[in-house]
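Here is what each chain is made of, one letter per residue.
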Amino acid sequence: MIHTFIPGTPVPQGSVNNYRGRIVGVTPKLREWRLKIRAATMAKHKGEPMDGPITVSLVFQLAPPQRPRWPLPAVKPDLDKLIRAVMDSLSTTKQLRGAITDDARVVHITAAKTYHGNPGVMVTISKSGAPE
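Notes on the structure follow. Every chain begins its residue count from 1, and numbering advances along the sequence as written. Local features in this predicted model are restricted to residues of pLDDT 70 or higher, and side-chain atom pairs are both shown and tallied only at a pLDDT of 80 or more, whereas totals for entire chains, interfaces and linings draw on every residue. Where side-chain values are given, they derive from all heavy atoms of the structure, hydrogens and water being excluded.

### Some details on helix H1 (residues 28–44)
Here's step 1: Note on conventions: DSSP H or I runs of at least 4 residues are helices, E runs of at least 2 residues are strands, and numbering of each starts at the N terminus. The span expected for a helix works out to 1.5 Å for each residue beyond the first. Between its first and last C-alpha, H1 extends 25 Å over 17 residues, near the 24 Å set by a 1.5 Å rise per residue.
Here's step 2: The classification of residues rests on relative accessible area computed with a 1.4 Å probe and restricted to protein chains. Under 20% of the type maximum is buried, over 50% is exposed, and intermediate values are partly exposed. When H1 is considered as a whole, its buried residues turn out to be Leu30, Trp33, Ile37, Arg38, Ala40, Thr41 and Met42.

### Let's talk about the environment of Gln61
Here's step 1: Tracing the backbone through its elements, the reader meets Gln61 in strand S4 (residues 54–62).
Here's step 2: Owing to a relative accessible area of 12%, Gln61 belongs among the buried residues under this scheme.
Here's step 3: Here Gln61 is in contact with Phe5, Pro10, Thr114, His116, Asn118, Pro119 and Gly120, once residues within four sequence places are set aside.
Here's step 4: Identification of polar contacts relies on pairs of N or O atoms within 3.5 Å, with a donor-acceptor requirement for protein atoms, meaning one able to donate a hydrogen and the other able to accept it, and with residues adjacent in sequence counted only if both atoms are side-chain atoms. Of note is the side chain of Gln61, whose polar atom sits 3.4 Å from the side chain of His116.
Here's step 5: Side-chain polar atoms of Gln61 contact the backbone oxygen of Asn118, separated by 2.6 Å. Note on contacts: a residue pair is in contact if any heavy atoms of the two residues lie within 4.5 Å.

### Some points on the sheet that holds strand S5 (residues 106–115)
Here's step 1: The strand order across the open sheet formed by 4 strands is S1-S6-S4-S5, and the pairing between neighbours is mixed. A strand with exactly one partner marks an edge of an open sheet, and here the two such strands are strand S1 (2–7) and S5. In this sheet, adjacent strand axes meet at a mean angle of 10 degrees when their direction is disregarded.
Here's step 2: Here, a strand pair is defined by DSSP locating no fewer than two bridges between the strands. Bridge count for S4 against S5 is 9 bridges, and the pairing is parallel. Bridging from a neighbouring strand, Gln61 pairs with Thr114 of S5.
Here's step 3: In this analysis, axes come from line fits to C-alpha atoms, helices being fitted only over the stretch in contact, and the angle between any two N-to-C directions falls in the range 0 to 180 degrees. Along the sheet, H1 contacts S1 and strand S6 (120–127); its crossing angle with S1, the most-contacted strand, is approximately 145 degrees.
Here's step 4: Relative to S5, helix H2 (residues 79–90) is tilted by about 125 degrees, and along the sheet it contacts S4, S5 and S6.

### So, the packing of H1 against H2
Here's step 1: Close contact between H1 and H2 brings their axes to 8 Å; oriented N to C, the two are set at 55 degrees. Judged by the inter-axis angle, H1 sits oblique to H2. Crossing of H1 against H2: the hand is right-handed. In this structure, H1 uses Leu30, Trp33, Arg34, Ile37, Arg38 and Thr41 to contact H2, whose residues at the interface are Ala85, Val86, Asp88, Ser89 and Leu90.
Here's step 2: Within the contact of H1 with H2, the residues separate by chemical class into 6 nonpolar, 2 polar and 3 charged. These descriptions rest on fixed angle ranges, namely under 35 degrees for roughly parallel, over 145 for roughly antiparallel, 65 to 115 for roughly perpendicular, and the rest for oblique. By convention the crossing between two helices is left-handed if the near helix lies anticlockwise of the far one by an angle smaller than a right angle, and right-handed if it lies clockwise. When residues are grouped by polarity, Ala, Val, Leu, Ile, Met, Phe, Trp, Tyr, Cys and Pro land in nonpolar, Asp, Glu, Lys and Arg in charged, and all others, Gly among them, in polar.

Interpretation in functional terms is not warranted from these geometric data alone.
Okay, structure coming up:
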């Protein structure tokens, strides 16, 4: 199991395209956020990337605005785009080893956005299915 908090302002990830060998759509802020997530989760997981059915829980803590419209952050950034940035950070690529072999291994995911004075994301990754 991996359980860690990554401090910082969560950055959403929109569509990323490969155009003539160049990755388009990854901003410097997004690249920095993804590297931060990868480093924090890899520091907690020393072995081979987790494989097989996996459960992921994400809690995004967003800095509250001075005058929030609602008590919960029902505003941008979109939750699905925040999830996408984290999941791509956790996955192993040709260049970088991740905490999990592939985000296709995720069979259950829970995610939430909340206002908090300490922005960041709480990540919990565990194997799904029968106990080992």
